[in-house]
Amino acid sequence: MRIIMRDTDLFQLALGLTPPWYVVSCEFDPEKRRLDIEIDFPRGSTFSCPSCGKGGCGAYDTEQHSWRHLNFFQHEAYLTARVPRVSCGECGVKTVDVPWARSGSGFTLLFEALVMVMAKGMPVKSIANLLKEHDTRLWRVLDHYVHEARQDADFSSVTDVGVDETSSKRGHNYVTLFVNLLLSQVLFATEGKDASTLARFKSDLESHQGDPSRIREICCDMSPAFISGVEKHFPEAQLTFDKFHVMKILNEAVDEVRRQEQQIRPELKRTRYLWLKNPQNLKSHQVAMLDVLKLKKMNLKTVRAYHIRMNFQELWQQSPHTSEAFLKKWYFWATHSRLEPMKEAAYTVKRHWDGILRWFTSKINNAILEGINSLIQAAKARARGYRTTKNLITMIYLIGGKLQFKLPT
Ligand SMILES: [Zn+2]
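The structure presented is a predicted model; accordingly, all values stated were derived computationally and were not measured. (Residues numbered from 1 in each chain as written. Predicted model: local features only at pLDDT ≥ 70, side-chain atom pairs only at ≥ 80, totals over all residues. Heavy atoms only, no water.)

Q: Quick rundown of the nonpolar core? Include the residues and the values.
A: Of all hydrophobic cores here, the largest spans 94 residues; its most connected members are Phe312 and Trp330. In terms of residue count, the dominant contributor to this core is helix H4 (residues 135–151) (7 residues). For Trp330, the residues in contact, after removing those within four places along its chain, are Leu250, Ile308, Asn311, Phe312, Ala346 and Val349. Phe47, Cys49, Cys57 and Trp100 belong to the second-largest nonpolar core, a separate cluster that totals 24 residues. (Core = buried A, V, L, I, M, F, W, Y, C linked by side-chain atoms within 4.5 Å. Buried < 20%, exposed > 50% of the residue type's maximum accessible area, 1.4 Å probe, protein only. Helix = DSSP H or I, 4+ residues; strand = E, 2+ residues; numbered from the N terminus. Contact = heavy atoms within 4.5 Å.)

Have a look at this one:
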């Protein structure tokens, strides 16, 4: 059964159509659960050239187009129209812009706005299922608006940057993120985790009115690739090594001592987390177990390594004036510990001395990077089954880029 609605005025009004465009017909097909709205223009109408804006161009010919629109209750709605091409003296033959969709899209602007709003709160895959669209088409919409909004982003005031990487596709690919630490805003995300990511960040910064020489502080982990990239592309910036990553080096060293020692001291088996967690985060039975292992008569190398690590952690409570003397003392202790992994960790600290102590000046906080990390986890969830790393990057910008989207309301 087909119902032809005679009164097309309501839809004309609802779509906000302005002359020369008007609604010709609305066909509702209850079996297909589909509403088709046909739009047209009267003979002799004139249009503007989409390239130069010159008005008064007559239709040269037309092409039939259709666009998915917002659902009409539970029914899918489509607009169709013959879209004129104009012959402009300056620009040649061009397809005119229609007011309800952007050129090249198979969706209306309002449908795209809906997709953008939904994408902020649910996985793209779920939106695709809900709207009965292929997710690739939705990713293309997200990509368009993110790209457009990023073009207008202004990075001229950026001075403090955090760099961190995340894995995508089960660890086969990496994405490196550059974050404005003062606004916790993702400035740039790019594939890879090598020094060239810094070169790409620099040129992206410059294309957004940013000035590489104004970047004062950069916070990153101790990866040689990041360090050499910073030195090469941001020679005026001071490096701070992220506290979390520095502590990770110490934790790994303690764990290495324990793994070696457990070969002859089986009581150390399955105690890994006792040594890695801060004591205040341990449960009472874990504290009791740790207290036994720490007894002097046990004489464990792991305990000595543990004390060296705990002592290092006190570095962060020092004042800017006492920090270096404290670190020197610690370094002497660690390098004389006769514990190979602790000595290695101490040498690593020595090689990154200035960047570790820089924290006392820059006070760059890894809490923001951790916040960014939870954001990435959210982006990954939202981008579930994202097919390409490009899509993951689009989602990272959507969630963390603090972008201003130009969407119809
Ligand atoms: Zn023109």
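Moving on from the model shown.
Q: I'd love a proper account of the pairing of strand S9 (residues 173–180), names of residues and values included.
A: The buried fraction of S9 is high, at 6 of 8 residues. Relative to S9, strand S8 (residues 160–168) runs antiparallel, the two sharing 8 bridges. Paired with Asp164 across the strands is Leu177, a residue of S9. Alignment of S9 against strand S10 (residues 185–191), held across 6 bridges, turns out to be antiparallel. Of the residues in S10, the one forming a bridge with Leu177 is Ala189. Once S9 ends, the chain turns through 4 residues before running back antiparallel as S10, passing Ser184 with a positive phi of about 35 degrees. (Pairing = 2+ DSSP bridges.)

Q: An account of the packing of helix H2 (residues 109–119) against H4 is needed here, citing residue identities and associated values.
A: Closest axis-to-axis distance for the H2/H4 pair is 10 Å, and the angle between their directions is 90 degrees. Between H2 and H4, the crossing angle belongs to the class labelled roughly perpendicular. On H4, the residues touching Leu109, Glu112, Val115, Met116 and Ala119 of H2 are Leu138, Val141, Leu142 and Tyr145. Along the lines of polarity and charge, the residues of the contact of H2 with H4 split into 8 nonpolar, no polar and 1 charged. (Axes fitted to C-alpha atoms, helices over the stretch in contact; angles between N-to-C directions. Parallel < 35°, antiparallel > 145°, perpendicular 65-115°, else oblique. Nonpolar A, V, L, I, M, F, W, Y, C, P; charged D, E, K, R; others polar.)

Q: Describe the layout of surface pockets, and please don't skip the residues or the numbers.
A: Approximately 400 Å³ is the volume attributed to the largest pocket. The wall of the largest pocket is formed by 16 residues, among which Phe244, Met247, Lys248, Asn251 and Arg309 lie closest to the centre. At the level of secondary structure, the elements contributing two or more residues to the lining of the largest pocket comprise helix H7 (243–261), helix H8 (272–276), helix H10 (301–313) and helix H15 (366–382). With 7 residues, H7 is the single largest residue contributor to the lining of the largest pocket. (1 Å grid on protein atoms, 1.4 Å probe; cavity = no way out; pocket = protein on both sides within 12 Å on 5 of 7 lines; lining within 4 Å. Points joined across faces, edges and corners; volume = space filled by probe spheres on them.)

Q: Any chance you could break down the coordination of the zinc ion for me, citing the residues and the numbers?
A: The coordination sphere of the zinc ion, as far as protein atoms go, consists of Cys49 (SG), Cys52 (SG), Cys88 (SG) and Cys91 (SG), spread over 2.2 to 2.4 Å. Because the angles between the 4 donor atoms bound to the zinc ion fall within 105 to 112 degrees, the donor set is best described as tetrahedral. Motif for the zinc ion, donor spacing along one chain: C-x2-C-x35-C-x2-C. Of the two residues, Cys52 sits in the loop between strand S4 (46–47) and strand S5 (57–72) while Cys88 sits in strand S6 (residues 75–88), which places them 36 residues apart along the sequence. (Donors = N, O, S within 2.8 Å, 3.2 Å for Na, K, Ca; no water. Tetrahedral: all angles 85-135°; square planar, octahedral: opposite > 155°, others 65-115°.)

Q: Outline the pattern of salt bridges, listing residues and values.
A: Within the structure shown, the criterion is met by 17 salt bridges. Where Arg272 meets Asp255, a salt bridge forms, and the shortest distance between an N and an O atom there is 3.0 Å. In this pair, Arg272 sits in helix H8 while Asp255 sits in helix H7, placing the two residues 17 residues apart along the sequence. Classification of Asp255 as buried rests on a relative accessible area of 10%. Overlapping salt bridges bring together Arg68, Glu133 and Arg137 as one network. (Salt bridge = Lys/Arg side-chain N within 4 Å of Asp/Glu carboxyl O.)

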